Amino acid sequence: MTENFTLFFDAINVGIGGFIDGFQNVLMWIPFYITIVLLTLLAWYKSGKGVGVFTVFGLLLIWSMGFWNETMQTLALVLSSTIIALIIGLPLGILELPIVNDAIKFCILFSTLMQDNACFCYLIPAVLFFGLGTVPGAFATIIFATPPVVRLTSLGIKQVPKNVVEASRSFGATPTQLLFKVQLPLALPTIMTGINQTILMSLSMVVIAAMIAAGGLGEIVLKGITQMKIGLGFEGGIAVVILAIILDRITQGFGKQKKGK
């Protein structure tokens, strides 16, 4: 494949690499205090006062430890991988047409088998196809983090009450209107849970991807392990946990808001 599809893999490398670099440049360009204020306000608005206070003190702790740039690199890789995973996973979970249903089931089965495989196994084809850097890290992360959003999107749509679907059809709703105005809004809390799981799994895989020079907080943890610097590894782990809690609470806040509506 590397001999016959070099141009294809190079194009993906350039495209995904530019996408990640764009996110990273924007996050690096914004001053740290503005980022802290924005994330704190978002966390406060979506998840309450306690999460907002935790966000401001957690991010200030990361900055005081000197890991702000690494945190932004990790956040850029997580957001980029999550967006690509959603672009792939949401359509797979939504499509229920008989013509493509078998193909969708195969994709879900394949993604589930890949998720059950050892995380380190994703790094081998990623390095072979894309070399070292952020792109193979994103490639491995996307494979690992796509199944939750696929399964929960499909589950959410299937759990929409049949009487609601039949009532919409009886009022003359087209398949497109039924999907976007009935099924997706009612399934949105479940879909948001899938997005939440995808973000957290992306973050967990991004740390492992530091083994192939993906950078970010994973590199700090890896240095702590390989160089036997227990304090450095502990600090990097604390930064990862803080970022994971903030992202988890914000996305859960979006899901609870949609469920309430």
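The structure reproduced in this document is the subject of the present report. Bear in mind the structure is a predicted one, so any value in this text is a computation, not a measurement.

**Considerations on the pattern of salt bridges**
Thought 1: Using the criterion set out here, one finds 2 salt bridges in the structure.
Thought 2: Arg169 serves as the salt-bridge partner of Glu166, at 3.5 Å between the closest nitrogen and oxygen. Of this pair, Glu166 and Arg169 both sit in helix α8 (residues 162-170), 3 residues apart, roughly one helical turn.
Thought 3: We note a salt bridge from Asp248 to Arg249, for which the minimum N-O separation is 2.3 Å.
Thought 4: What makes Asp248 buried here is its relative accessible area of 9%.

**Details of unusual backbone geometry**
Thought 1: For Met228, which is not glycine, the phi torsion reads 55° and is therefore positive.
Thought 2: Inspection of the secondary structure puts Met228 in the loop between α10 (217-226) and α11 (230-260).
Thought 3: Met228 gets classed as exposed once you look at its relative accessible area, which sits at 68%.

**A look at the environment of Ala187**
Thought 1: In this structure, Ala187 sits in helix α9 (residues 175-208).
Thought 2: A residue is classified by how much of its surface remains accessible, and Ala187, at 1% relative accessible area, is buried.
Thought 3: Between the alpha carbons of Ala187 and Leu155 there is a distance of 8.3 Å; along the sequence they are 32 residues apart.
Thought 4: With residues near it in sequence (within four places) discarded, Ala187 still touches Gly156, Ile157 and Val160.

**Remarks on a nonpolar patch on the surface**
Thought 1: The grouping of Phe19, Ile83, Ile87 and Ile88 at the surface amounts to a nonpolar patch, some 330 Å² of accessible area in total.
Thought 2: Checked against the element boundaries, Phe19 lands in helix α1 (residues 6-29).

Cut-offs and rules
- Counting restarts for each chain, with residues numbered from 1 along the sequence as it is written.
- In keeping with the predicted nature of the model, local features appear solely for residues at pLDDT of at least 70, side-chain atom pairs appear and are counted solely at 80 or more, and the whole-chain, interface and lining totals rest on all residues.
- Just so you know, side-chain values use all the structure's heavy atoms and leave hydrogens and water out.
- A carboxyl oxygen of Asp or Glu within 4 Å of a side-chain nitrogen of Lys or Arg is what we treat as a salt bridge.
- Every helix listed is a DSSP run of H or I at least four residues long, and every strand listed is a run of E at least two residues long, numbered separately from the N terminus.
- Any residue under 20% of the maximum accessible area for its type is buried, any over 50% is exposed, and the rest in between are partly exposed; the area is computed with a 1.4 Å probe on protein chains only.
- Any two residues having at least one pair of non-hydrogen atoms within 4.5 Å are treated as being in contact.
- Patches here are clusters of residues that have more than 30% relative accessible area and form no salt bridge, with a 9 Å joining cutoff for like charges and a 5 Å cutoff for nonpolar side chains (Val, Leu, Ile, Met, Phe, Trp, Tyr).
- Each accessible area value is a Shrake-Rupley result obtained with a 1.4 Å probe; residue values ignore everything except the protein chains displayed when judging cover.

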